[in-house]
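The residues making up each chain are set out below.
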Amino acid sequence: VSFANAVARGISKEFPHKYVAFYAYNRHTQPPVRTVPEKNVYVGITRSNFCLLHLTPHDGCPASKAYYEMVGKWAKLCPGRIWTYEYDPISWTGCLPSPIYMERAASISKLFREYGIIGGVTDYIPHFKKSFAALYINKYMERRMKSNPSLEGGEVLADMCRSFFGPASRPMEKYYLELARASEYTHPCRSVVGFGTYKYHELFTKEMIANARSFMNEAVA
């Protein structure tokens, strides 16, 4: 923050309408105690050191609550000058489903409306620039919510299913909601769900898989 402040002061006369931005990243996410960011300094808060499955405060995941505590501290330091750096899908899970779209929708609404977040970027592994059937919903939900954070994720999902699937909309909506139950998983023996496929299969119970298959079969029929 001190370095960013020095750069911001250095460019302020020649570039009065330009800003300096930096990441609050990995082990450096916590805000400073004695230093206040200059008025032309913006902060991008990353979720890299927190849970990538529980994106809203969750009783079974202390890290999810710690993330919002950290964001709240930054919001007091530099209100209106914070953006987010997210990971969706959870990085390095290949092209497997990453059903965090409902959590992402709720998180965007909460961050933008309650914490004054002004925008954000999302980290996509390069080959995710392609559109995969298992993952397009993540991008769709994110963009809809960012365009209007007052929307409710369930409404966006229902509208998407009506628009995309017509007469198969209802079973497809149930299918996506069933997969989104992955957020009920509380990752025993580890503090967060991080990058990669480690214990990925544990996110989905046999019941969830059976239900999702049933809803998909109904939609196809």
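For the structure, see preceding data.
The structure displayed is predicted, hence computed values, not measured ones.

*Asks:* Please explain the overall build of the chain as it appears in this structure.
*Replies:* Secondary structure summary: the chain contains 7 helices and 4 strands in total. From first element to last, N terminus to C terminus, the chain shows the α and β order α-β-β-α-β-α-β-α-α-α-α. The dimensions of the chain, computed from C-alpha atoms along their principal axes, are 65 × 40 × 30 Å. Partitioning the intrachain contacts of the chain with sequence separation of at least 6 by distance along the chain shows that 68% fall at a separation of at least 24. As displayed, the chain offers around 11700 Å² of accessible surface, 56% of which is attributable to carbon and sulfur atoms. Positive and negative side-chain charges of the chain, numbering 28 and 19 respectively, have mean locations separated by a distance of 7 Å.

*Asks:* Looking at this model, I keep getting lost on the environment of P149. Mind explaining?
*Replies:* Position of P149 relative to the elements: it lies in the loop between α4 (136–147) and α5 (153–165). Here the alpha-carbon distance between P149 and F132, two residues 17 residues apart in the chain, equals 25 Å.

*Asks:* I tried to follow the nonpolar core on my own but got confused; where do I start?
*Replies:* Among soluble globular proteins, nonpolar side chains are generally buried collectively. I45, W74 and Y176 are the most contacted members of the largest nonpolar core, which totals 59 residues. Looking at this core, the element that brings in the most residues is helix α2 (residues 62–77), giving 8 residues. When neighbours within four sequence positions are excluded, I45 is seen to be in contact with A24, Y67, M70, V71, W74, I82, W83, T84 and Y85.

*Asks:* Sorry, what's going on with the environment of V193 here?
*Replies:* Along the chain, the position of V193 falls in the loop between α6 (169–179) and α7 (206–220). With a relative accessible area of 5%, V193 lands in the buried category. Along the chain, V193 and H54 lie 139 residues apart, while their C-alpha atoms are 8.1 Å from each other. Leaving out residues up to four positions away in the same chain, V193 has contacts with F50, C51, L52, L53, I90, Y185 and H187.

*Asks:* What exactly am I supposed to notice about the pairing of strand β2 (residues 41–46) here?
*Replies:* Side chains on a regular strand alternate between the two faces of the sheet. Most of β2 is tucked away, with 6 of its 6 residues classed as buried. Alternating positions in β2 separate into two faces, V41, V43 and I45 on one and Y42, G44 and T46 on the other, with burial throughout. Relative to strand β3 (residues 82–87), β2 is paired through 4 bridges, and the arrangement is parallel. Looking across to β3, one finds that G44 is bridged to W83. The parallel pair β2 and β3 is bridged by α2, and the resulting crossover is right-handed.

*Asks:* Can you help me understand the packing of α2 against helix α3 (residues 101–114) in this one?
*Replies:* A packed helix pair is summarised by two numbers, namely the angle formed by the two axes and the spacing between the axes. Orientation of α2 relative to α3, taken along the N-to-C sense of each, is 25°, at an axis distance of 12 Å. When the axes of α2 and α3 are compared, the pair comes out roughly parallel. Where α2 crosses over α3, the two elements pack in a sense that is right-handed. Touching Y67, Y68 and V71 of α2 are S107, K110 and L111, all from α3. Residue classes in the contact of α2 with α3 are distributed as 4 nonpolar, 1 polar and 1 charged.

*Asks:* Explanation requested: the sheet that holds β2 in the structure shown.
*Replies:* Adjacent strands of a sheet pair through backbone hydrogen bonds, lying either parallel or antiparallel. Spatial strand order, β1-β2-β3-β4: 4 strands in an open sheet with parallel pairing. Where the open sheet ends on each side, the last strands, each with one partner, are β1 (20–24) and β4 (119–123). Averaged over all adjacent pairs, the angle separating strand axes in this sheet is 25°, with direction ignored. Packing against the sheet, helix α1 (residues 2–11) makes contact with β1 and β2, and its axis sits at approximately 170° to β1. The strands touched by α2 are β1, β2 and β3; relative to β2, the strand with the most contacts, the crossing angle is about 180°.

*Asks:* Looking at this model, I keep getting lost on the pattern of salt bridges. Mind explaining?
*Replies:* Pairs can form between side chains of opposite charge whenever their charged atoms are close. For the structure shown, the criterion picks out 13 salt bridges. Across the pair R47 and E86 runs a salt bridge, and its minimum N-O distance is 2.7 Å. Here R47 is found in the loop between β2 and α2, whereas its partner E86 is found in strand β3, with 39 residues between them in sequence. When sorted by exposure, R47 lands in the same class as E86, which is buried. Among the ionic pairs, K110 bridges to E114, the shortest N-O distance being 3.1 Å. Residue K110 and its partner E114 are located together in helix α3, separated by 4 residues, close to a single helical turn. Residue classification places K110 among the partly exposed residues on the basis of a relative accessible area of 21%. By relative accessible area, which is 56% here, E114 ends up exposed. Through salt bridges with shared partners, a single ionic network connects R47, E86, D88 and R104.

The rules behind these values
- Residues numbered from 1 in each chain as written.
- Predicted model: local features only at pLDDT ≥ 70, side-chain atom pairs only at ≥ 80, totals over all residues.
- Heavy atoms only, no water.
- Helix = DSSP H or I, 4+ residues; strand = E, 2+ residues; numbered from the N terminus.
- Contact = heavy atoms within 4.5 Å.
- Areas by Shrake-Rupley, 256 points an atom, 1.4 Å probe, with all protein chains shown as cover.
- Lys, Arg positive; Asp, Glu negative; His and termini not counted.
- Charge placed at Lys NZ, Arg CZ, Asp CG, Glu CD.
- Core = buried A, V, L, I, M, F, W, Y, C linked by side-chain atoms within 4.5 Å.
- Buried < 20%, exposed > 50% of the residue type's maximum accessible area, 1.4 Å probe, protein only.
- Pairing = 2+ DSSP bridges.
- Right-handed = clockwise from strand over helix to strand, strands pointing away.
- Axes fitted to C-alpha atoms, helices over the stretch in contact; angles between N-to-C directions.
- Parallel < 35°, antiparallel > 145°, perpendicular 65-115°, else oblique.
- Left-handed = near helix turned anticlockwise from the far one by under 90°.
- Nonpolar A, V, L, I, M, F, W, Y, C, P; charged D, E, K, R; others polar.
- Salt bridge = Lys/Arg side-chain N within 4 Å of Asp/Glu carboxyl O.

That's the geometry; what it means functionally is another story.
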